[in-house]
Amino acid sequence: MTVTICADHADASARAAVIVAGALRAQPALVLGLPTGRTPVALYAALVGARLDWARARTFNLDEFAGLPARDPGSFRAFMDEHLFWRVNLPPAHIGFLHGDAADEAGECACYERAIDEAGGLDLLVLGLGANGHIGFNEPGPELRAGTHAVGLHASTRAANADRFGGDPARVPARGLTLGMGQVLRARRILMLATGAAKADAVAALIEGPLTTRCPASWLQVHPEVTLLVDRAAGAGLRDA
Ligand code: GLP
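Residues numbered from 1 in each chain as written. Predicted model: local features only at pLDDT ≥ 70, side-chain atom pairs only at ≥ 80, totals over all residues. Heavy atoms only, no water.

Draft legend 1. Spotlight on the packing of aromatic side chains. By the definition in use, this model includes six aromatic pairs. With a centroid separation of 4.5 Å and an interplanar angle of 40°, the aromatic rings of phenylalanine 65 and phenylalanine 76 are classed as tilted. Placement of the pair is phenylalanine 65 in strand E4 (residues 63-65) and phenylalanine 76 in helix H3 (residues 76-83), with a sequence separation of eleven residues. You'll find phenylalanine 65 and phenylalanine 76 in the same group, each marked buried. On the numbers, 5.5 Å between centres and 50° between planes, the contact of phenylalanine 65 with phenylalanine 137 is tilted. Of the two residues, phenylalanine 65 is situated in strand E4 and phenylalanine 137 in the loop between strand E6 (124-127) and strand E7 (149-152); the sequence distance between them amounts to 72 residues. (Phe/Tyr/Trp six-rings, centres within 6.5 Å; stacked < 30°, edge-to-face > 60°. Helix = DSSP H or I, 4+ residues; strand = E, 2+ residues; numbered from the N terminus. Buried < 20%, exposed > 50% of the residue type's maximum accessible area, 1.4 Å probe, protein only.)

Draft legend 2. Up close: the layout of surface pockets. Its volume calculated, the largest pocket comes out at about 600 Å³. For the largest pocket, the lining is made up of 31 residues, of which Thr36, Gly37, Arg38, Asn161 and Lys199 are closest to its centre. Put simply, the parts of the chain that give the lining of the largest pocket at least two residues each are H3 and helix H5 (155-160). Among the elements that make up the lining of the largest pocket, the one with the highest residue count is H5 (three residues). Here the lining of the largest pocket is composed, by residue class, of twelve nonpolar, 14 polar and five charged. (1 Å grid on protein atoms, 1.4 Å probe; cavity = no way out; pocket = protein on both sides within 12 Å on 5 of 7 lines; lining within 4 Å. Points joined across faces, edges and corners; volume = space filled by probe spheres on them. Nonpolar A, V, L, I, M, F, W, Y, C, P; charged D, E, K, R; others polar.)

Draft legend 3. Main features of the sheet that holds strand E2 (residues 31-34). An order of E1-E10-E9-E6-E2-E3-E5 is seen for the seven strands of this open sheet, with the pairing classed as parallel. Two strands close off the open sheet at either side, each with one partner strand: strand E1 (2-6) and strand E5 (95-96). In this structure, E2 lies alongside E6, joined through two bridges in parallel fashion. Across the sheet, leucine 32 pairs through a bridge with leucine 124, a residue of E6. (Pairing = 2+ DSSP bridges.)

Draft legend 4. A look at the site of the ligand. Near the ligand you find 14 residues, and of these Arg38, Thr39, Asp63, Asn161 and Lys199 are the closest. Measuring from an oxygen atom of the ligand, one finds a side-chain N or O atom of histidine 134 at 3.1 Å. One nitrogen or oxygen atom from the main chain of glycine 136 is found 3.2 Å from a nitrogen atom belonging to the ligand. If the ligand stood free it would expose 400 Å²; the protein chains cover 94% of that surface. Taken atom by atom, the bulk of the ligand overlaps the largest pocket. In terms of residue class, the shell around the ligand is made up of three nonpolar, eight polar and three charged. (Near = heavy atom within 4 Å. Polar contact = N/O pair within 3.5 Å; in protein donor to acceptor, adjacent residues only side chain to side chain. Areas by Shrake-Rupley, 256 points an atom, 1.4 Å probe, with all protein chains shown as cover. Sits in = over half its atoms within 2 Å of the grid points.)

Right, dumping it as structure tokens:
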């Protein structure tokens, strides 16, 4: 794992943009996994500004709220439309997204898993980090799942996502659909961005802690190609920082 302590969030975002833009230029048919959250907003703005050619790229987002149609303003799909998809020349047919409102959740998850496999797997997976160590909606707990699945969201995760729902955690859906740890760890390359003091404990656990289902991100330690960009605040808990 390559860990870079960046000056601040803007610096980390700019470095992440260089990596993603470089990957897309080198491989125009890149299969790219994407996160939502506050963390990647500046990265997406930088990618929009870089005027890249997305015509042959394919994207698959990590997760979506269960029960929400794509057009719901709180959905992750709406977030991605606003911050990236409507601003670049990525063909809509190349956008992979879990349908939160699918009647058959298990069928939807299996179909999404298959679509990623048929695209050849993720070349580059960009990740954010939950303050509790979650990846996508793979929450800490007694076990983790390898496959794409539906999951109950922790209260802290609902609170962290409340700003898309009028600031009210009770309005945040209680469940989500997410890629499992299998697709995450099969991605050929992983780029994780974690900034802000709220992520310091999770960053320390992810880099220096044991492999444990109590910190899903700790499993990144076994992946051969992880680049982790943190700012000083998020890196403050590291022994060697
Ligand atoms: C959400 C998403 C994650 C994201 C995380 C961090 O719960 N499901 O994919 O990485 O929160 O969000 P933020 O970047 O806003 O801290």
